[in-house]
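So you can see what is in the structure, the chains are spelled out below.
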Amino acid sequence: AVGINAPRYMLGLSVLFPFVVGKFLSLIAVRNKAFFGLILAVILVTNGMSIHNAWASAKLPGYADLTSWLIEKKYNHGFTDYSTAYPVVLYSNEKMSPTIFSATFDDRYPAYTDRVRNATDPVYVIDTKMYPLVVAKMERRLLELGVSYRKNQWDRFVVHHDLSRKVYPPELKLTEQLKLN
């Protein structure tokens, strides 16, 4: 394993870390209870602070607002990326059934894919932070196909809706730009 991703192959060893720390702490606890208490307090406070800081600094995308708008407009089916599809499903309590663009080879939940493929008015939801170039490419391709559409944006998401005809992701040729897993 050569390259920037090489360290990921060492992640399997991380399973051993809690056991090594536990053994170390148990040895200290037997010899010096006060020192053990101090180390345990430092570990707990550090862990708590790191969790607090992570949550305090995290700005989650506007999945809830996006989902509310989609439900309000009765856009119940659509194509999107993996990272957007499943939060939308959860926020909508499965009222929405988006599927991922590349569902032909990466179909995580076939029932959603079938619903979207059979829908008369699927929408396209694109996360512009993850895929900043896709919106322009998609719009250019829709123009080439002679398809009119309406577009709205919330937070970092662009929604293409009310397409003049049903368009499937392979027609848009976006899969390579999306680099989906």
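Please refer to the structure placed before this passage.
Cut-offs applied
- Residues numbered from 1 in each chain as written.
- Predicted model: local features only at pLDDT ≥ 70, side-chain atom pairs only at ≥ 80, totals over all residues.
- Heavy atoms only, no water.
- Patch = residues over 30% accessible without salt bridge, like charges linked within 9 Å, V, L, I, M, F, W, Y side chains within 5 Å.
- Areas by Shrake-Rupley, 256 points an atom, 1.4 Å probe, with all protein chains shown as cover.
- Salt bridge = Lys/Arg side-chain N within 4 Å of Asp/Glu carboxyl O.
- Helix = DSSP H or I, 4+ residues; strand = E, 2+ residues; numbered from the N terminus.
- Buried < 20%, exposed > 50% of the residue type's maximum accessible area, 1.4 Å probe, protein only.
- Polar contact = N/O pair within 3.5 Å; in protein donor to acceptor, adjacent residues only side chain to side chain.
- Arc of directions from axis to C-beta.
- Core = buried A, V, L, I, M, F, W, Y, C linked by side-chain atoms within 4.5 Å.
- Contact = heavy atoms within 4.5 Å.

(A) A nonpolar patch on the surface, seen in detail. Among the surface-exposed residues, Met10, Leu13, Val15, Leu16, Phe19 and Val20 lie close enough to one another that they form a single nonpolar patch of about 650 Å² accessible area. Secondary-structure assignment places Met10 in the segment before helix H1 (17-31). Overall, Met10 belongs to the exposed group, its relative accessible area being 52%.

(B) Structural view of the side chain of Thr80. Mapped onto the fold, Thr80 is located in strand E1 (residues 77-80). You can call Thr80 buried: its relative accessible area is 3%. Reaching out from Thr80, the side chain makes a polar contact with the backbone oxygen of Val125 at a distance of 2.7 Å.

(C) Quick look at helix H6 (residues 134-144). Among the residues of H6, those classed as buried are Val134, Val135, Met138, Glu139, Arg141 and Leu142. The buried residues of H6 occupy an angular sector of 160° when the element is viewed end-on, so they sit on one face. Summarising the geometry of H6, the exposed residues directed more than 90 degrees from the buried face are Leu143 and Glu144. Where H6 terminates, the next one or two residues include Gly146, which has phi positive at roughly 75°.

(D) Spotlight on the nonpolar core. Residues Tyr124, Ile126, Met138, Leu142, Leu163, Val167 and Leu172 are the most contacted members of the largest nonpolar core, which totals 15 residues. Elements supplying a minimum of two residues to this core: strand E3 (123-127) and H6. Excluding residues within four positions of it along the chain, Met138 makes contact with Tyr124, Ile126, His160, Leu172 and Leu174. Within the second largest apolar cluster, twelve residues are counted, among which are Trp69, Leu70, Tyr75 and Trp154.

By themselves, these figures tell us nothing about what the structure is for.
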